[in-house]
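Observations on chain architecture
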Amino acid sequence: MTLARFGCAPNVFWSIERRGIRLLNIESGTWQTIYYPQAAIWDLICRQVPRIPEKIAAIAGIPPAEAEGLVSEAVGQWVRDGFLREEGR
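Below you will find a few notes about this structure. Please read all numbers here as calculations on a predicted model, not as lab measurements.

Digging into helix H2 (residues 52-60)
Restricting attention to buried positions, one finds in H2 the residues Ile52, Pro53, Ile56 and Ala57. Viewed end-on, H2 has its buried residues packed into an arc of 140 degrees, placing them on one side of the element. What points out from H2, more than 90 degrees from its buried face, is the exposed set Glu54, Ala58 and Ile59. Contact partners of the buried residues in H2: helix H1 (38-46) and helix H3 (64-81). Gly61 sits one or two positions beyond H2 and adopts a positive phi of about 65 degrees.

Shown next as structure tokens:
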């Protein structure tokens, strides 16, 4: 999965909170709170930081393969939920 092609959907606002990140889709009215380490994934994707799985492995203290799965699962879910979109779409 090439993470550089994903970004925050234009109808989504997000804020950093004490224990995670709150997402709000103003178009659908849905919201979600994501906690760490997934909150770090969200932040890194929205800032277009390279090598996200490597960074998540270090942040969460997990093996690289597990971090890759965690990132892939989170991104897939956020796309399905309308919080992330593929760039150019």
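Overview of the packing of H1 against H2
Between two packed helices, both the angle of their axes relative to each other and the distance between the axes serve to describe the pair. Orientation of H1 relative to H2, taken along the N-to-C sense of each, is 150 degrees, at an axis distance of 10 Å. When the axis of H1 is compared with that of H2, the two are roughly antiparallel. By crossing handedness, the relation of H1 to H2 is classed as right-handed. Residues Ala40, Ile41, Leu44 and Ile45 of H1 touch H2, and the partners they reach there are Ile52, Lys55, Ile56 and Ile59. Of the residues belonging to the contact of H1 with H2, the class tally is 7 nonpolar, no polar and 1 charged.

Procedures and definitions
Residues numbered from 1 in each chain as written. Predicted model: local features only at pLDDT ≥ 70, side-chain atom pairs only at ≥ 80, totals over all residues. Heavy atoms only, no water. Buried < 20%, exposed > 50% of the residue type's maximum accessible area, 1.4 Å probe, protein only. Helix = DSSP H or I, 4+ residues; strand = E, 2+ residues; numbered from the N terminus. Arc of directions from axis to C-beta. Contact = heavy atoms within 4.5 Å. Axes fitted to C-alpha atoms, helices over the stretch in contact; angles between N-to-C directions. Parallel < 35°, antiparallel > 145°, perpendicular 65-115°, else oblique. Left-handed = near helix turned anticlockwise from the far one by under 90°. Nonpolar A, V, L, I, M, F, W, Y, C, P; charged D, E, K, R; others polar.

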